Amino acid sequence: MASSPVRSPLPLALDGLTVAYGGPPAVNGLSLEVRPGEIYGLLGSNGAGKSSTIKAVVGIVRPAAGRVSVFGFDPVTEGVETKSRVGYVPETSLLYESLTPREFLEFVASVRRLPPASAAERGQALVAAFRLEEEYDRPIATLSNGTRQKVLLVAALLHQPPLLVLDEPLNHLDPRAVRLVKDLLVRYVADGGRGVLFSTHTMEVAERLCTRVGILDRGVLRAEGTLPALRERSAHGDATLEEIFLGLTEEAGEVRAAVDSLERL
Amino acid sequence: MGWRAALRLSGTAFTELSLQAIYAFRQGNVLPGGATGDLVPKARRRVLQSKAMVSGLLGFLTLGAAFLLRDSSLVIAHAFPYYLSTAAFDTGVVTALLGLDLAFLWWTGLQVLPTLLSSSVLPVLETLPLDERTLRRAAAILYLRLFDLPALTVLVLTPVLVAAAVGLPAGLAVIPGVVAAVAFALALSLLTARFFVARVQGARGGGGSTVLRWAYLVLWVIPAFGLFGFVTLAPAFFRELAHLTGAGPSAPFDLLLVAFPFTLASLPSLAAGGSSALPLGSLGLGAVGVASAVYLGLAAACLAWLGGAVRRVGQAPFGVAGSSPPSPFGLRTTGPVRSVLVKDLRIASRNPGYAFLILLPVLDAFALGLLSYAPGSSTGGADSLALGAVTSAALLATFFGPAFFAIEVLAYSYGRTLPLADRSLVLGKAALVVAIYLVAAGVVLGLVDLRLRAPLVFLAFVLAELPAVAAASVVELGLVLRRVRRKGLPVVNLYSGSWTAILVAVPGLIVVALPFTALLLDGGSSSTAALGLMALVSVAELGLAVPVLLGGVGS
């Protein structure tokens, strides 16, 4: 699929994306781009709208307004074309609990129409890389959260998609797997044509891994850019991403007040 | 903490369970579009609606039985070409009613218990600072709430209607039977859930393990087959009953008397007509007394066991059964349609609720095939047997077709991110329905053909109906899919989506029945012209269904 034709070189473009679940919008008029060769970090507090944005990108929820474009394809009207170009790791590892990782990956590879030889070869390599051999034929219901997350990562990487959409992909992983994923992602985008949309609220990870970051707060993009560019915008030139984030989301004062009030108890 | 706290906790847990049964968030479903503020009341309403439908069906069965009991002499005169005493007939009807009540409640339990296990509502309660007794009570009350309305329907309506039909003593005498049927259904649901957790859900993948899982599922499904099996077996049962009761007291009849539910079903007849109503010797009468006491004791033991067992099952972690065979770690791929079929079969092999839907038509075909060997069974020839067998296989396979859509609830949010066209999804599931039909038809064909040696007649019927079965499943699944895309995901199972399942099953059943109707209008024979007409209607239905139902669905 990596070599499948595209309409636009841009892995992902959001234009005025709005997602709502019946109440106030979870994402409100969001516009951003993931450029070729880029790992774009989407940062935000809980409920900021990161997962809703990602669900609109991968076609789980339909936008209330705005447009999503994956290499020029629209997930709403061109679902199959869009989804065949995306590898996705969801925030929660809710899979087909009754299937084993082998059965699940065979289903995913078949739906993605992977040629048998390449599915077998890549499957074997990824299973070995993530050390899934022991759990390969056990039902997913019996696996730990970390192992489920590894299965999801293998499923996302199996077809070498030109766009990876990862929602908190390092959740539950052991240090070895965290390192493996980080190194894999850096190499993944090195060819210059692929892109990664990476959601996290772990600032250290975003700081070390992402080419650019966007800070989402209550559904609105507060700031976007490279870390040096964001530092320039903040009051302190040597600020960490966490300090920039808390400053932009106006949460630094709230955190201090909350700690003070707890200490008084 | 006491009963009041347990009741309150179970109420909260039941609300969560209702939400999960309808929306399946813990299984990977996403929030439906539109207003989300009323999700909980809507879930409660839909569970209540499904309970009401199950209760309505149980009430309908009870009402039907009461009508048969009221006019038993008339029914015997018109329906049976042999002598059958009123008391024996009444006992047979109550046996059937108790058997159906048990099977139907058990089956309802099977539909919801996987949700109870996967929703983790009981483990969440365990983290609260509550004493053991309160937790045990809360779990037991929660379990009883799953069955409350249907169980109450059986417990209250049966004695009332039997009393109205036969008399007060008979109405009172049926109470032990209904109490035992309900208690056994509740216990069997939980026992099979434990079995499911231990042997099926946690079983490894691989060919040998899959065969073993299906073997377990067949063993386990056979008793639940009673729900439908009785309809198939009823004529043979009454014929055998007439034979046994016509010969006076006998050891075989005494044996039948100690079998559940016949023992307790004989009590209303004995209460209404005295000990001479049935051909009982003193041994037989004693056997009824002892067996009744044993069954009631067993029912009490079941209820006492449920108190603690619900909590243990709710906490049970999934074990991994079987050892790990050395195997390569590559992947075998197929096309998207076949991958849906294989995935559904694999999921069904670890989910008794779905396995039951696959095995029921096959077991029914097996029963039909075996019955053709029973002494005195119809020897009306290959035509009528083939027509009956094919009709039964087609109707059963198609009736449960929509339920296979419920598999899509599992990991729904993830499944929607895969590039699987709706057309492939529908065709994959329709292929499963067609495969079930073919296996069921093959079983009955194989069994009956050993006796009748008319394979071509059977094959002609099976093939003539095949396109109609495919058309019916496309109609049903296409309608479900449209509803899913418009209103969110309906969980099409008995416990939470019975309304949707019935709405789409009706047009499906009409599509399946039309070729048979054409055949019957043409005389019902296996002449080339009649079978040709049947095949023509069948192919025309498929030709219409695919473009109409799948034309509008793409990706």
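## What to know about the overall build of chain B
Along its length, chain B carries 21 helices and zero strands. A total of 555 residues make up chain B; the buried ones form 53% of that total. Excluding contacts between residues fewer than 6 apart, the proportion of contacts in chain B whose partners are at least 24 apart in sequence is 85%.

## Quick look at the overall build of chain A
Scanning chain A for helices and strands turns up ten helices and nine strands. The burial tally for chain A puts 51% of its 265 residues in the buried class.

## What about the sheet that holds strand β2 (residues 27–34) of chain A?
The strands making up a sheet associate through backbone hydrogen bonding, with each pair oriented either parallel or antiparallel. Residues and elements named next belong to chain A. Taken together, three strands build an open sheet; the order of strands is β2-β1-β4 and the sheet is antiparallel. Bordering the open sheet on either side are β2 and β4 (65–69), each of which pairs with just one other strand. Pairs of neighbouring strands in the sheet enclose a mean axial angle of 15°, with direction left out of account. Across the face of the sheet, helix α1 (residues 50–57) comes into contact with β1 (12–19), β2 and β4 while running at roughly 115° to β1.

## Observations regarding helix α9 (residues 241–248) of chain A
A turn of α-helix holds 3.6 residues, and therefore any two residues three or four places apart point the same way. All names here are of chain A. By the burial criterion, the buried members of α9 are Leu241, Ile244, Phe245 and Gly247. Buried residues in α9, looked at end-on, bunch into an arc of 165°, giving them a common side. Directly after α9, the chain includes Glu250, whose backbone phi takes a positive value near 55°.

## Quick look at the environment of A:Val19
Residues and elements named next belong to chain A. Take Val19: it is sitting in strand β1. Residue Val19 is classed as buried on the basis of its C-beta count, with 22 C-beta atoms lying within 10 Å. As a C-alpha pair, Val19 and Arg62 span 43 residues in sequence and 7.4 Å in three-dimensional space. Not counting residues within four places of it along the chain, the set of residues in contact with Val19 comprises Pro25, Ala26, Val27, Ser52, Ala56, Val61, Pro63 and Ala64.

## A few points about the domain arrangement of chain A
You'll often see interface size given as the accessible area lost when the parts meet. Residues and elements named next belong to chain A. Split into domains, chain A comes out as domain 1 (1–85 + 162–176 + 187–228) and domain 2 (96–160). Between the C-alpha centres of domain 1 and domain 2 there is a distance of 23 Å. Here the side of domain 1 that touches domain 2 is composed, by residue class, of five nonpolar, three polar and one charged.

## Details of the nonpolar core
Counting 260 residues, the largest nonpolar core has A:Val154, B:Ala393, B:Val444 and B:Val469 as the members making the most contacts within it. In terms of residues, this core owes the most to one element, helix α4 (residues 86–119) of chain B, which gives 20 residues. The residues touching B:Ala393, leaving out its near neighbours within four places in the chain, are B:Pro361, B:Ala365, B:Tyr437, B:Ala440, B:Ala441 and B:Val444.

## Structural notes on the sheet that holds strand β5 (residues 86–89) of chain A
Residues and elements named next belong to chain A. Pairing is mixed across the open sheet formed by six strands, whose spatial order is β5-β6-β7-β3-β8-β9. If you trace the sheet from one side to the other, it starts and ends with β5 and β9 (220–225), each paired once. Mean inter-strand twist for the sheet, computed between neighbouring axes without regard to direction, equals 15°. One ladder, built from six bridges, connects strand β3 (residues 38–44) with strand β7 (residues 195–200); its direction is parallel. When the bridges of β7 are listed, Ile39 appears paired with Val196. Strand contacts of α1: β3, β6 (163–167), β7 and β8 (212–217), with the helix running at about 150° to β7, the strand carrying the most contacts.

## Quick word on the pairing of β7(A)
Residues and elements named next belong to chain A. Along β7, six of the six residues are buried, which leaves the element largely enclosed by surrounding structure. Residues Gly195, Leu197 and Ser199 line one face of β7 and the alternating positions Val196, Phe198 and Thr200 line the opposite face, and both faces are buried. Strand direction decides the pairing type here: β6 and β7, joined by five bridges, are parallel. Across the sheet, Leu164 pairs through a bridge with Val196, a residue of β7. In this region the chain leaves β6, passes through helix α6 (residues 175–188) and returns to the parallel neighbour β7; the handedness of that crossover is right-handed.

## Some words on helix α4 (residues 116–129) of chain A
Residues and elements named next belong to chain A. Over its 14 residues, α4 extends 20 Å from the first C-alpha to the last, a length consistent with the 20 Å expected when each residue adds 1.5 Å. If you check which residues of α4 are buried, you get Ala119, Arg122, Gly123, Leu126 and Val127. Along the axis of α4, the buried positions cluster into a sector of 130°, meaning they face one direction only. Facing away from the buried side of α4, by more than 90 degrees, are the exposed residues Ala117 and Ala128. Lining the buried residues of α4 we find α3 (101–111) and α5 (145–157). One or two residues past the end of α4 sits Arg131, with phi positive at roughly 55°.

## Regarding the packing of helix α1 (residues 3–23) of chain B against helix α6 (residues 132–166) of chain B
All names here are of chain B. Put simply, α1 and α6 touch, their axes get as near as 8 Å, and they point 50° apart. It follows that α1 is oblique to α6 by the angle criterion. Relative to α6, α1 is oriented so that their crossing is right-handed. Contacts between α1 and α6 involve Trp3, Ala5, Ala6, Leu7, Leu9, Ser10, Ala13 and Phe14 from the first element and Thr134, Arg137, Ala138, Ile141, Leu142 and Arg145 from the second.

## Points about the packing of α1(B) against helix α2 (residues 39–70) of chain B
All names here are of chain B. Look at α1 against α2: their axes get within 8 Å of each other, and the N-to-C directions meet at 80°. Relative to α2, the element α1 lies roughly perpendicular. Contacts from Thr15, Ser18, Leu19, Ala21, Ile22 and Tyr23 in α1 reach Leu39, Val40, Ala43, Arg44, Arg46 and Val47 in α2. Here the residues of the contact of α1 with α2 are counted per class, giving eight nonpolar, two polar and two charged.

## A few points about the pairing of β1(A)
Two strands pair when backbone bridges link them, and β1(A) and β2(A) are joined in this way by five bridges, in the antiparallel orientation. Of the residues in β2(A), the one forming a bridge with A:Leu14 is A:Leu32.

## Considerations on unusual backbone geometry
Of the consecutive residues B:Phe260 and B:Pro261, the connecting peptide bond is found in the cis state with omega at 0°. Note on placement: B:Pro261 falls in the loop between α11 (251–257) and α12 (262–273).

## Focus on the environment of B:Arg338
Residues and elements named next belong to chain B. Looking at the element boundaries, Arg338 is found in helix α14 (residues 336–348). Exposure remark for Arg338: the 15 C-beta atoms within 10 Å place this residue in the partly exposed category. C-alpha of Arg338 to C-alpha of Arg45: the two residues are 293 residues apart in sequence and 37 Å apart in space.

## Points about the environment of A:Arg35
Residue and element names in this part refer to chain A. Within the element layout of this structure, Arg35 appears in the loop between β2 and β3. Residue classification places Arg35 among the partly exposed positions, given that 16 C-beta atoms sit within 10 Å. Through-space distance from the C-alpha of Arg35 to that of Asp217 is 22 Å; in sequence the pair is 182 residues apart. In contact with Arg35, other than residues within four places in its own chain, are Leu10 and Gly195.

The rules behind the values
- Residues numbered from 1 in each chain as written.
- Chains lettered and ligands numbered in written order.
- Predicted model: local features only at pLDDT ≥ 70, side-chain atom pairs only at ≥ 80, totals over all residues.
- Helix = DSSP H or I, 4+ residues; strand = E, 2+ residues; numbered from the N terminus.
- Buried ≥ 20, exposed ≤ 12 C-beta atoms within 10 Å, placed from the backbone.
- Contact = placed C-beta atoms within 7 Å.
- Pairing = 2+ DSSP bridges.
- Axes fitted to C-alpha atoms, helices over the stretch in contact; angles between N-to-C directions.
- Arc of directions from axis to C-beta.
- Domains from an automatic or database assignment.
- Nonpolar A, V, L, I, M, F, W, Y, C, P; charged D, E, K, R; others polar.
- Core = buried A, V, L, I, M, F, W, Y, C linked by C-beta atoms within 7 Å.
- Right-handed = clockwise from strand over helix to strand, strands pointing away.
- Expected span 1.5 Å × (residues − 1).
- Parallel < 35°, antiparallel > 145°, perpendicular 65-115°, else oblique.
- Left-handed = near helix turned anticlockwise from the far one by under 90°.

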